[in-house]
Amino acid sequence: MQTVSFIVKPNIPERLKPLEEMANNLWLSWNFDAVQLFMRLDYDVWLTSRQNPARTLGRVSQARLEEIAQDSSFLAAMDAVYEKYQKYLQRERWHKEDGRDVIAYFSMEYGLDVSLPIYSGGLGVLSGDHLKTASDLGLPLVGIGLLYRQGYFQQYLNPDGFQQEFYPENDWYTMPVQVCRNEQGEALKITVDLGSDIVCAQVWEVRVGKTPLYLLDSNIEENTTRHREITATLYGGDEDMRIRQEILLGVGGVRALRALDLNPAVTHMNEGHSAFLGLERIRTLIHDMGMSFSEAHQAIWPTNIFTTHTPVPAGNERFSVELVARYFKGFAEQLGLSWKEFLGLGRENADNDQESFCMTVLALKLAAHANGVSKLHGQTSRQMWRNLWPDLPIVEVPVISITNGVHPRTWISHNMIDLLDRYLGPQFQENPADFSVWEHMDRISDEELFRTHERRRERLVAFVRHRLRQQLQRRGFPEAEIQMAEDVLSPYTLTISFARRFATYKRANLLLQDPERLIRLLTDGERPIQLIFAGKAHPHDLKGKELIRELIHFAQDPQVRSQVVFLEDYDMTIARYLNSGSDVWLNTPRRPLEASGTSGMKAAMNGVLNLSILDGWWDEIYSPECGWAIGSGEEYEDSELQDEIESKAVYDLLEREIIPQFYIRGRDGLPRQWIKRMKASMAQVGKEMNSHRMLIEYSEKFYLPALEKARAFAADDYASARQLSAYLQRLKKFWAQVKVESLSAPAETMYKIGDNIEVSARINLGGLSSQEVRVELYFGSISSSGEIEKAHSLEMIPQSDGRSTVEYRVQVECGVTGRQGYTVRLLPKHPALAHHYVPGFLRWA
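### Things to note about the overall build of the chain
Turning to step 1, where the next piece is worked out: Across its full length, the chain holds 28 helices and 28 strands.
Turning to step 2, where the next piece is worked out: Dimensions of the chain, computed from the C-alpha atoms along their principal axes, are close to 90 × 70 × 50 Å.
Turning to step 3, where the next piece is worked out: Every one of the 845 residues in the chain was classed for burial, and the buried ones make up 59%.
Turning to step 4, where the next piece is worked out: Look at the contacts in the chain between residues 6 or more apart in sequence, and 73% of them connect residues 24 or more apart.
Turning to step 5, where the next piece is worked out: Summed over its atoms, the accessible surface of the chain is roughly 34500 Å², and 48% of this surface lies on carbon and sulfur atoms.
Turning to step 6, where the next piece is worked out: Of note, the chain has its 94 positive side-chain charges centred 1 Å away from the centre of its 113 negative side-chain charges.

See below:
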């Protein structure tokens, strides 16, 4: 059947054109006054459009558009919001550079707004907050991802409470995305080789304030049905589908940027999904600049950034050698590598022919800069990947920590934002990089803060009742039971929420360990609690689905039916209501399996108090003044014992501290101690866990140094990269002969604080010069096992410029009492190295 397609756009009156412009920029998603304009157009259409401003404009009747175009009240509100929007786009930026060079941020998913459902959970929402914050700060950053026709699944439950999945189709022509076009006005497309096939992808753009997000779409006529499915679903399909998605993201993403005439001078891999981008960048330099693999690798190494989010080895994606061969045999030849050398890029042990190909290993080998997403996760990651840097102390493995943060204006309710704007001053809105404003929480009166929070709890209860009624109708419950949804929860009861992915390690059922004790808390006549759960299990995670089913069965107990609710299809809308209207945010992962977590940050910025295991972000920021810790950071081998101990700890905290503190009120009806905790939590989390702090950290530690390296390396036909490659080849040739011949002993056996010790060492440079080897004194306290702990390193100074045996010296001050010691180690030294920890080049005395 022949079908002719065309596009119909809404006929927007000229006076309402600013509305159309704002509908296609997700700046609207963190500015509620802009959202209100679309709600005023037609509230019913707004709801049936799933809060999608672009679709709302298309569905509102022409008569209504013409009517509103004559409404002076609406037009005044629109003009005020549009002026605010224009000022935002033009205001002075934290980062003030312009140019063609960009920081390209690659992620498998983006949670920007409910109107663009191409996210599954925390990773995507973090990516969305990353782009919004880059826009606020004016960073030269662009996002790269995939445009999923069906996105992630929508969740519903069958009558027995077992999760089912539904995959609705997205209509991009009624969403805030636009096709990118070339100079001829044609849709911009790129191609990627997938084995013997050539896959074509169309490039779309999403405007996120001042930051563009480019999304690749393979669902176009040029492709076979098999390849059109590449961008069908997020995290769907088998291993073959996953590797094709990741090739399109990494390789295709780099090609899309070049087709847009943008230079990805710096690339940031958010998880290992996009690690193939490093290979494409190398291939491009080999092809365009006539470089060797080694030269091209050194050119891109200091400009690649990798963020890992996975705290266990099994969670890191691996592909079989056969699958990698299907798509990369030819690519390896283009790189000038043997097949064994290519596979070695994705193996911890390059000589182990039985090892599969790991995307995290590939990312770590191609990136000079790597980080975990909390301090604890950084420690876990260094331990996990220490084998890539043999003989290097774990604390020095080059994977640092940059703790996640959340975008405040996206996640703080509009009621609370209004309150904060009034009391924290214009800096709170106009200069989000000024974190000191959070120190002024005491300016807000207790009554105003708590009444604002109570309004959010009331809205949460109303929202839950409405959603629960819809759920019960879909599941075929009798009308009498559906009517009971109108009475669930109370707007005056202590509300505890648990909302996140339903993976077994997150232990959504920890509170069910002692059902009788929990029922007593839920049904207490004077001081009751109520529970709200939400979250999705992965479609293939049967244990996660069973957790949901267990909760549903408990919630159907007539004793607690009105106090326990599970909300289906957890998304950003549900998250906003829960984050702002709950009183306590419950988090119960098995430590250290929560890499960071961000939902508790969003809750805390709304005045919700955290009750959490000391894991992820909570482990580094917790204090008794701003919430509650479950345990003291213990880790267990016996999971059943852990569940028993920690569930009792939760019950004890609820009974002895949390419930009494919430319900003890003064004559004015205010829980003063509770409000004190709210203020302390908001101040601390708002200051330390916002995404602007996170992006400034990424900029100062990674982005700006990497941009500087990119420009330096590109100069003079990549002369620095070629010289660095030649230097590393010299290291390979001579390193085996480099060694410490002698190390001086201290002149005395006893010293005092402040005394100096002169240390000397004779180093055989094995044919290298003293300018090519870094000699370090490594010193610190001696443990009971004879190891140096809490060590420091200090570069030693060569006493001559020889190429054979050279004496090095340094003085070190005694700064710590107790048993101390030192040794000497040898490392590469070259001005173009991003850091000195090059795998395979470390020698100890």
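Once you've had a look at it, read on.
### Describing the nonpolar core
Turning to step 1, where the next piece is worked out: The biggest cluster of nonpolar side chains holds 179 residues, and the ones touching the most others in it are Phe 276, Leu 279 and Tyr 703.
Turning to step 2, where the next piece is worked out: Tallying contributions element by element places helix α28 (residues 691–734) first for this core, with 17 residues.
Turning to step 3, where the next piece is worked out: Apart from the residues lying within four places of it in its own chain, the contact partners of Leu 279 are Phe 328, Phe 331, Leu 335, Phe 342, Leu 345, Leu 362 and Leu 366.
Turning to step 4, where the next piece is worked out: Formed by 99 residues, the second largest nonpolar core is a distinct cluster that contains Leu 468, Ile 496, Trp 617 and Tyr 663.

### Some details on the pattern of salt bridges
Turning to step 1, where the next piece is worked out: In the structure shown here, the tally under the stated rule is 59 salt bridges.
Turning to step 2, where the next piece is worked out: Here Arg 226 makes a salt bridge to Asp 240, at a shortest N to O gap of 2.9 Å. In this pair, Arg 226 sits in helix α8 (residues 225–228) while Asp 240 sits in helix α9 (residues 239–259), placing the two residues 14 residues apart along the sequence.
Turning to step 3, where the next piece is worked out: Of the charged contacts in the structure, one is a salt bridge between Asp 446 and Lys 679, with a shortest N-O distance of 2.7 Å. Linking Asp 446 in helix α19 (residues 446–474) with Lys 679 in helix α27 (residues 672–688), this pair joins segments that are 233 residues apart in sequence.
Turning to step 4, where the next piece is worked out: Lys 679 sits in the buried class, given a relative accessible area of 8%.
Turning to step 5, where the next piece is worked out: If you follow the salt bridges from partner to partner, you end up with Glu 396, Arg 774, Glu 776, Glu 795, Arg 825 and Lys 829 in one network.

### Examining the sheet that holds strand β21 (residues 739–743)
Turning to step 1, where the next piece is worked out: Across the sheet, four strands lie side by side as β21-β22-β26-β25; this open sheet has antiparallel pairing. Whereas interior strands pair on both sides, the edge strands pair on one side only; in this sheet they are β21 and β25 (797–798).
Turning to step 2, where the next piece is worked out: Where β21 lies against strand β22 (residues 756–764), four bridges are found, and the strand directions are antiparallel. By the bridge assignment, Lys 739 is partnered in β22 with Asn 764.

### Some remarks on the sheet that holds strand β16 (residues 529–534)
Turning to step 1, where the next piece is worked out: Overall, parallel pairing links the six strands, which are arranged β17-β16-β15-β18-β19-β20 in an open sheet. In the strand order of this sheet, the two ends are held by β17 (564–567) and β20 (627–630), each with one partner. Within the sheet, the average angular offset between the axes of one strand and its neighbour, ignoring direction, is 20 degrees.
Turning to step 2, where the next piece is worked out: Across the face of the sheet, helix α23 (residues 572–581) comes into contact with β15 (494–499), β16, β17 and β18 (584–587) while running at roughly 155 degrees to β16.

### Description of unusual backbone geometry
Turning to step 1, where the next piece is worked out: Geometrically, the link from Arg 591 to Pro 592 is a cis peptide bond, its omega value of 5 degrees lying close to zero.
Turning to step 2, where the next piece is worked out: The backbone phi angle of Arg 50 is positive, close to 55 degrees, even though this residue is not glycine.
Turning to step 3, where the next piece is worked out: Of note, Arg 50 is situated in the loop between α3 (43–48) and α4 (53–59).
Turning to step 4, where the next piece is worked out: We classify Arg 50 as partly exposed; its relative accessible area is 39%.
Turning to step 5, where the next piece is worked out: For Asp 716, which is not a glycine, the phi torsion comes out positive at approximately 55 degrees.

### Topic: helix α7 (residues 122–137)
Turning to step 1, where the next piece is worked out: Taking 1.5 Å per residue, 16 residues should reach 22 Å; α7 reaches 22 Å between its end C-alpha atoms and fits that length.
Turning to step 2, where the next piece is worked out: Across the 16 residues of α7, 15 count as buried, placing the element largely inside the fold.
Turning to step 3, where the next piece is worked out: Directly after α7, the chain includes Gly 138, whose backbone phi takes a positive value near 75 degrees.

Reading the values: rules and limits
- Residues numbered from 1 in each chain as written.
- Predicted model: local features only at pLDDT ≥ 70, side-chain atom pairs only at ≥ 80, totals over all residues.
- Heavy atoms only, no water.
- Helix = DSSP H or I, 4+ residues; strand = E, 2+ residues; numbered from the N terminus.
- Buried < 20%, exposed > 50% of the residue type's maximum accessible area, 1.4 Å probe, protein only.
- Contact = heavy atoms within 4.5 Å.
- Areas by Shrake-Rupley, 256 points an atom, 1.4 Å probe, with all protein chains shown as cover.
- Lys, Arg positive; Asp, Glu negative; His and termini not counted.
- Charge placed at Lys NZ, Arg CZ, Asp CG, Glu CD.
- Core = buried A, V, L, I, M, F, W, Y, C linked by side-chain atoms within 4.5 Å.
- Salt bridge = Lys/Arg side-chain N within 4 Å of Asp/Glu carboxyl O.
- Pairing = 2+ DSSP bridges.
- Axes fitted to C-alpha atoms, helices over the stretch in contact; angles between N-to-C directions.
- Expected span 1.5 Å × (residues − 1).

These results come straight from atomic positions and should not be treated as a statement about function.
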